[in-house]
Amino acid sequence: MDNPLYSVAQIRAIEQAAQAQLPPGTLMQRAGEAASTYALEVLGGLPNGRILVLAGPGNNGGDALEVAANLANFGANVDVVHLAGAAPSPETQHAFARAQASRARFIDGVEAGDGACLVVDGLFGIGLSRPLDGRARELVERVGTMTCPVLALDVPSGLDADTGAIIGPDGVAVRATHTITFLGNKPGLYTGDGCDHAGRVHVNRLGTASMHGEHARARLNRPALFAGLLAPRMRNSHKGTFGDVAVLGGARGMAGAGILAARAALYAGAGRVFVAAVDTAPAYDPPQPEIMFRDAAGFAFEGRTVVAGPGLGDSAGATHLLGKVIDGTGPLLVDADALNLCAASPDLATRLAAHEGPTVLTPHPLEAARLLGVTAAIVQADRLEHARELAQRTDAVVVLKGAGSIVARPDGEVALNATGNPGLATGGTGDVLAGLIGTLLSQGWPAWEAALAAVWLHGAAADRLVAGGVGPIGLTAGELPRAIRAELNALVSDAEQT
Ligand SMILES: NC(=O)C1=CN([C@@H]2O[C@H](COP(=O)(O)OP(=O)(O)OC[C@H]3O[C@@H](n4cnc5c(N)ncnc54)[C@H](OP(=O)(O)O)[C@@H]3O)[C@@H](O)[C@H]2O)[C@H](O)CC1
Ligand SMILES: [K+]
């Protein structure tokens, strides 16, 4: 499968299958070789400085000891802090013996202001079962004060490879600049805290690619997943060819949200864009007079794609109109206030789950929590599973926003999005995403592909802006639509050439 991401249980199954076919210790030896080579790549060759290797009690520590032995044998200056375990595996014992026989120096701890040129983090991998404490915690906190590159083996220690959450309560995790991950790629490296802790991720399957019998139910989002729908425009086309998007929003005091969604729809190429306003509609949007404003009460939603929620408010009128579009049959995007209204009304939630057309929900963690009847902290503790659960409950494609947005399908498939940056953490960017998804739905895209393409483009647009000196600090939502236009046209042109 494309860009698979494996759960820890699946990695364990792959590990077992591989171990059954290979001589004992082969995997750890391969992990050690791959990581030592990668460490030298990160350093740009054999360094003059000292490499600090942190080795934990389990097999992650075994990998680290292999790395220490290899790097020392290459001629590097290596210090090892080893938190020995009570019952190391035979392969870890072997790695320990190798490291001891090498020129690596075993030391007791790390001094403040340690001047290492690289830290190799092999404290814990997928076997971490509780928050770090004692010496391990102290080491992780000390590494957090160091400015050199940090290479995590398999997973940054302290991070849950399945969820991307730091294992807590009150947990800490290594903040790596690079992670070399073994046997298969892991979702926790791409969402939640994983986005800040994994750094650049390099996958090494340790020669087990043919043993990956497990079907991954998660993948990394990338254009190949939706490129088939990126068609160049036919010359013989007109505005009716490219979809009608109607934004249901525009409550008093929140008109901007609807306008941002509408501008995004326009720049993403919708044929006609309306704001159906629940309160008095502005006459027009001066910078964007192409957008048509209507009174939502009398608006004909049928036959149009509805983007419900940006600036909708929670009035009785808004609730009534939301019910009306939910009972319609067209493509539907549900965001913001519309999600909260559904969370507050079991009747609306039931009708939403029964909506006939393609449906996409775009909650942030708090909105998702309200829909699921839990707290935002609970959602964040396992973003993948909560996105899956919400998709299944609502029978819709769900985009759980936040660092490493997750797109989930009712059948349990999920994709993690790696484009984007903290510039998006500002008001209005969600409205832009909603308008973009609405446009793709209005052009006949299936819900899954529309959501995948939109989160990818939205993040790529923010990355484009930052690369051009716009943000991340101070990037505004209103700057996104033009950058989305540029990204979308570039993708279509790439798809045309391949
Ligand atoms: N098996 C192989 O040949 C390969 C393994 N790979 C690497 O191995 C790790 C997974 O190894 P595993 O030993 O299962 O787990 P860890 O090393 O991550 O950690 C387990 C040990 O840590 C103890 N533990 C767990 N949490 C804590 C904590 N908070 N504080 C202190 N100690 C902790 C745990 O002890 P228990 O008391 O919980 O039993 C274990 O001693 C994997 O990530 C790879 O790096 C490679 O894939 C190569 C082949
Ligand atoms: K680690």
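Note that the structure is predicted; figures quoted are calculated from it, not measured. (Residues numbered from 1 in each chain as written. Chains lettered and ligands numbered in written order. Predicted model: local features only at pLDDT ≥ 70, side-chain atom pairs only at ≥ 80, totals over all residues.)

Structural notes on helix H3 (residues 59–74)
Link 1 in the chain: Look at H3: 23 Å from first C-alpha to last across 16 residues, which is about the 22 Å you get at 1.5 Å a residue.
Link 2 in the chain: For H3, the tally of buried residues reaches 14 of 16 residues, placing the bulk of the element in the interior.
Link 3 in the chain: Once H3 finishes, Gly 75 follows within two positions and takes phi at roughly 110°, a positive value. (Helix = DSSP H or I, 4+ residues; strand = E, 2+ residues; numbered from the N terminus. Expected span 1.5 Å × (residues − 1). Buried ≥ 20, exposed ≤ 12 C-beta atoms within 10 Å, placed from the backbone.)

Concerning the sheet that holds strand S2 (residues 50–55)
Sheet strands pair via backbone hydrogen bonds, and the direction of the pair is either parallel or antiparallel.
Link 1 in the chain: Ordered by their spatial adjacency, seven strands build an open sheet running S4-S3-S2-S5-S6-S7-S8, and the pairing between neighbours is parallel. Of all strands in the sheet, those with a lone pairing partner are strand S4 (105–107) and strand S8 (200–204), marking the two edges. The average angle at which neighbouring strand axes cross in this sheet is 20°, direction not considered.
Link 2 in the chain: The pairing of strand S6 (residues 150–153) with strand S7 (residues 178–182) spans three bridges and is parallel. The residue bridging Leu 153 from the neighbouring strand is Ile 180, located in S7.
Link 3 in the chain: Packed on one face of the sheet, H3 meets S2, strand S3 (77–82), strand S5 (118–122) and S6 and runs near 155° to S2. (Pairing = 2+ DSSP bridges. Axes fitted to C-alpha atoms, helices over the stretch in contact; angles between N-to-C directions. Contact = placed C-beta atoms within 7 Å.)

Some words on the sheet that holds strand S9 (residues 218–220)
Link 1 in the chain: Taking strand neighbours across the sheet as the criterion, the eleven strands line up as S1-S9-S18-S17-S16-S15-S14-S13-S10-S11-S12 in an open arrangement whose pairing is mixed. Each having just a single partner strand, strand S1 (4–5) and strand S12 (292–295) make up the two edges of the open sheet.
Link 2 in the chain: Pairing analysis gives three bridges linking strand S13 (residues 305–308) to strand S14 (residues 332–334), with the strands arranged parallel. Paired with Val 306 across the bridge in S14 is Leu 332.

Observations regarding the environment of Ala 377
Link 1 in the chain: Here Ala 377 shows up in helix H12 (residues 376–381).
Link 2 in the chain: It is 30 Å that separates the C-alpha atoms of Ala 377 and Gly 250, two residues lying 127 residues apart in sequence.

Re the pairing of S7
Two faces make up the sheet, and in a regular strand the side chains alternate between them.
Link 1 in the chain: Taken across its five residues, S7 has five buried, putting it largely inside the fold.
Link 2 in the chain: Of the two faces of S7, the one holding His 178, Ile 180 and Phe 182 and the one holding Thr 179 and Thr 181 are both buried throughout.
Link 3 in the chain: Sheet topology note: the S7/S8 ladder contains five bridges and is parallel. Note on S8: the bridge partner recorded for Phe 182 is Asn 204.

Overview of the packing of helix H8 (residues 316–326) against helix H10 (residues 346–353)
Link 1 in the chain: Where H8 meets H10, the closest approach of the two axes is 9 Å, and the angle between their N-to-C directions is 20°. By the angle between their axes, H8 is roughly parallel relative to H10. Relative to H10, the crossing made by H8 is left-handed. Residue-level inspection shows Leu 322, Gly 323 and Ile 326 of H8 in contact with H10, the latter providing Leu 348, Arg 351 and Leu 352.
Link 2 in the chain: When grouped by side-chain class, the residues that make up the contact of H8 with H10 number four nonpolar, one polar and one charged. (Parallel < 35°, antiparallel > 145°, perpendicular 65-115°, else oblique. Left-handed = near helix turned anticlockwise from the far one by under 90°. Nonpolar A, V, L, I, M, F, W, Y, C, P; charged D, E, K, R; others polar.)

Observations concerning the domain arrangement of the protein chain
Link 1 in the chain: In terms of domain boundaries, the protein chain breaks down into domain 1 (4–218) and domain 2 (223–497).
Link 2 in the chain: Computed over C-alpha atoms, the centres of domain 1 and domain 2 are 39 Å apart.
Link 3 in the chain: Facing the twelve residues of domain 1 at the interface are 13 residues of domain 2.
Link 4 in the chain: Of the residues assigned to the side of domain 1 that touches domain 2, the class counts are six nonpolar, five polar and one charged. (Domains from an automatic or database assignment.)

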